[in-house]
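Now for the letters of each chain:
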Amino acid sequence: MQTYRHRIAGTETTIHAMETPEDVETALQWLRQHNPRSLAVDTETSGLDTYRPGHRLRTLQYGTADTAWVVPVERGADFHAFASRVVRGAAELVLHNASFDLLVMDRHGVAGLDELAGKVRDTKILAHLCDSRQEHEGGTGHGLKPLSARYVDPTAPDTQAGLNAAFHAYGLTKATGWARVPYEDEIYQRYAGLDVILTARLRPALEETFQRLGLPEQLAVFEHRLMAICAKFQRAGMLLDVEYTRGLVDRLQADAEHHTRRAARYGVQSINSSAQVAAALTGMGEKLTETTASGALKVDKAVLLDLADLDDQWNPRGTRIPNILANAVLHARRAARWRTSYALAMLDSRDADDRVHPSINALGARTGRASVSSPPLQQLPSRDWTIRRAIIAEPGHVYFSVDQSSVELVVLAALSQEPRMCAAIKEGRNLHDFTAMLMFGDHFTKAQRDLAKVAGLGTSYQGGPTALARQTGLHVSTMRDTLNRYARAYPGIKRWAHAMQRHARSNGCEVRTPSGRRLVLDRDKTFRVVAYLCQSTARDAMGQALVDLDEKGLTGHLNLWVHDEVLGTAPAAEAADIAREVAETVRMSLFGIPIDASADVYGPTWAGGYGLPDEWQVSAKETATFSTGA
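A brief look at the structure comes next. (Residues numbered from 1 in each chain as written. Predicted model: local features only at pLDDT ≥ 70, side-chain atom pairs only at ≥ 80, totals over all residues. Heavy atoms only, no water.)

1. Examining the sheet that holds strand β20 (residues 597–603)
Across a sheet, strands are paired by hydrogen bonds formed along the backbone, either parallel or antiparallel in direction. With antiparallel pairing, the four strands of this open sheet are ordered in space as β16-β17-β13-β20. Looking along the sheet, the strands with just one partner apiece sit at the ends: β16 (558–562) and β20. Put simply, the sheet's adjacent strands are angled 20 degrees from each other on average, direction ignored. Direction of pairing for strand β13 (residues 397–404) relative to strand β17 (residues 565–571): antiparallel, over a ladder of seven bridges. Looking at β17, one finds that Ser401 is bridged to Leu567. Along the sheet face, helix α23 (residues 575–586) touches β13, β17 and β20 and points at about 20 degrees away from the line of β13. (Pairing = 2+ DSSP bridges. Helix = DSSP H or I, 4+ residues; strand = E, 2+ residues; numbered from the N terminus. Axes fitted to C-alpha atoms, helices over the stretch in contact; angles between N-to-C directions. Contact = heavy atoms within 4.5 Å.)

Structural data, given as structure tokens:
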């Protein structure tokens, strides 16, 4: 057994790195002697791709604020059994980013997710609830090292830099080092042990901050429950149509090359060179007015979409002649990104049964909104089937979707208690039609109805006339008039928004959501208070629905959470009934205003709900072939 010492916050700490099965008895004696009710736990693995074939659990480490034990699980059954005994026997487990370690322990047979999740306290969740801002937003962020520097000891050793040097010394990279650095390496063992000690010390500091801020314990309980539910989604994963996805890699490559050649006709040799793209667009007569922080002309996605006459979901706007170069650059970049971030990533990370396991961070954004990564499925355009077609159901099963209807506007009505809007929702009226009538009169046109819809969403997410003009392709003055009409139609919203801004300014730029969540605003952007409150409250509404579904035992049918939608699979004969039951559970009331939900059965592929062309349809019979890899 190797033993190391560190001084943290003025006190000496000890790390024991176990090496032989005989060390297990020494570790057991320590547990019997100290009998800690709460143990901090962490794991080291061969990589982040938990479900990829060949993934290994290398070490499990546990301990308290002053002592850590590193268990080399990779060295055999004795260590594996001991690690299992430790985590199963502890009354409480403290982890940082618990979903990752819980799934690792579940995947490698140390202890089941369902067995451990109920006794976990996650310091990453506590940190987000105390301050949801990332470092670049003025907060501390939610990583263990910056949090420890703030709450535990600013001089606490950070062995990450030393570990990277160790990787290099062994001829390894950051990508290969975690799997291949020898367990005996001192820096590796110190790194593993220190994370446990820092987590154990971080927990009481965050708990004190949590209580000082007056945050409700029920909110922490809620977030831990959601974390476990999202971990179940990740564990279940989704079946990949490998043959389709391999073909998609080639098609996206050809698509990227085609549009790159189109861009080259206008002098753009590199589609990723902003200078080349800006120069070519200027030469074509386009007026670029926005600049980056360095003063260069901006040609990001938003600018190019505007020039290509596309909205943010890549739908044609019909408001100007599309710029051919902007269109080519957009499509070339997207095809290249989709090939790497989706098609190749899913093929590379799939498990032995051809399932992909997207990671769902239930607290992915500043407002608490969830995010999806590996791959980032929440970023797909709302009407595009291309990537979604790669996801298929198990033999005899079909996909279904349930989403909350117009939840952003319902939340806006509920929070503001705007009487006209609340009455319309309660009466079951089509809110966009009703709003268009208030704004433009009884004989409103389809275009005016579209404006009413844009104005509502823009108000709930604080999109000003300039941003909405870019999205719609209409003149700024038109969007300013539209927003003014909307404000006159629903004066209660404007009064409430102003009241919330005044409250935020008088309360240190802080507001609390109905769930008690603490949101800190930027001092120069308190106007975003409406967007923050609406987005956070809508997220919590769907989160509560997921908890209710879990209590009903329906989580086993669900695969993915994307904003206000939950995606699931069920046997074809039962799918409609199960989808209706899920929708019924998702329906709820917020301050007396009903949040409705709709259910759709998509068929044997996720893309079935997104305009999938006939030539790409999948029959239920074919999924059996895909699932067996035949």
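2. Concerning unusual backbone geometry
Between Ser374 and the following residue, Pro375, the backbone shows a cis peptide bond with an omega angle of 0 degrees. Here Ala9, not a glycine, exhibits a phi torsion of approximately 50 degrees, which is positive. Take Ala9: it is sitting in the loop between β1 (2–8) and β2 (11–17). Of note, the phi angle at Phe591 is positive, near 50 degrees, even though the residue is not glycine. Positionally, Phe591 belongs in the loop between β18 (588–590) and β19 (593–595).

3. A short note on the nonpolar core
Residues Tyr62, Phe82 and Trp561 are the most contacted members of the largest nonpolar core, which totals 137 residues. No other element matches helix α9 (residues 186–212), which puts twelve residues into this core. In terms of nonpolar packing, the next biggest core, distinct from the first, is built from 45 residues, Leu431, Val454, Cys534 and Ala541 among them. (Core = buried A, V, L, I, M, F, W, Y, C linked by side-chain atoms within 4.5 Å. Buried < 20%, exposed > 50% of the residue type's maximum accessible area, 1.4 Å probe, protein only.)

4. Examining a nonpolar patch on the surface
On the surface, a cluster of nonpolar side chains totalling about 250 Å² of accessible area is made up of Tyr266, Met284 and Ile324. One can find Tyr266 in the loop between α11 (242–264) and α12 (274–283). Exposure remark for Tyr266: the relative accessible area of 33% places this residue in the partly exposed category. (Patch = residues over 30% accessible without salt bridge, like charges linked within 9 Å, V, L, I, M, F, W, Y side chains within 5 Å. Areas by Shrake-Rupley, 256 points an atom, 1.4 Å probe, with all protein chains shown as cover. Salt bridge = Lys/Arg side-chain N within 4 Å of Asp/Glu carboxyl O.)

5. Let's talk about the sheet that holds strand β9 (residues 355–356)
Spatial ordering of the open sheet is given by β9-β8-β12, a layout of three strands whose pairing is antiparallel. Of all strands in the sheet, those bounded by a partner on one side alone are β9 and β12 (391–392). Sheet topology note: the strand β8 (residues 238–240)/β9 ladder contains two bridges and is antiparallel. Counterpart to Met238 in the pairing with β9 is Val356.

6. A word on the packing of helix α18 (residues 446–460) against helix α20 (residues 476–489)
The contact between α18 and α20 brings their axes to 9 Å, and the two run at 75 degrees. Judged on the interaxial angle alone, α20 and α18 are roughly perpendicular. Residues Leu451, Ala452, Val454, Ala455, Gly456 and Thr459 of α18 lie in contact with α20, whose contacting residues are Met479, Thr482, Leu483 and Tyr486. Split by residue class, the contact of α18 with α20 holds seven nonpolar, three polar and no charged. (Parallel < 35°, antiparallel > 145°, perpendicular 65-115°, else oblique. Nonpolar A, V, L, I, M, F, W, Y, C, P; charged D, E, K, R; others polar.)

7. Observations concerning the environment of Ser132
By secondary structure assignment, the location of Ser132 is in the loop between α5 (123–130) and α6 (144–151). According to the relative accessible area criterion, Ser132 is buried, its value standing at 3%. Sequence-wise, Ser132 and Thr367 are 235 residues apart; in three dimensions their C-alpha atoms are separated by 7.2 Å. With near-sequence residues (within four places) excluded, Ser132 lies in contact with Glu137, His142, Arg366, Arg518 and Leu519. At a separation of 2.7 Å, a polar atom in the side chain of Ser132 contacts the main-chain carbonyl oxygen of Arg366. (Polar contact = N/O pair within 3.5 Å; in protein donor to acceptor, adjacent residues only side chain to side chain.)

8. Notes on empty space enclosed by the protein
A probe as big as a water molecule, rolled over the atoms, marks out the empty space that is left. Overall, the coordinates contain two cavities of 30 Å³ or more when judged by the stated rule. Those elements giving two or more residues to the lining of the largest cavity turn out to be α15 (407–416) and α22 (529–551). With four residues, the top contributor of residues to the lining of the largest cavity is α22. Split by residue class, the lining of the largest cavity holds four nonpolar, three polar and four charged. (1 Å grid on protein atoms, 1.4 Å probe; cavity = no way out; pocket = protein on both sides within 12 Å on 5 of 7 lines; lining within 4 Å. Points joined across faces, edges and corners; volume = space filled by probe spheres on them.)

9. Describing the pairing of β1
Direction of pairing for β1 relative to β2: antiparallel, over a ladder of seven bridges. The residue bridging His6 from the neighbouring strand is Thr13, located in β2. The hairpin turn running from β1 into β2, its antiparallel successor, is two residues long, and Ala9 in that turn takes a positive phi close to 50 degrees.

10. Remarks on the pairing of strand β4 (residues 57–63)
Every other side chain in a regular strand lies on the same face of the sheet, so the side chains alternate between the two faces. The buried fraction of β4 amounts to seven of the seven residues, a majority that puts the element mostly inside the structure. One ladder, built from four bridges, connects β4 with strand β5 (residues 67–71); its direction is antiparallel. Across the sheet, residue Leu60 finds its bridge partner in β5, namely Val71. Where β4 folds back on β5, the antiparallel hairpin that results is connected by three residues.

Just distances and angles here, no functional claims.
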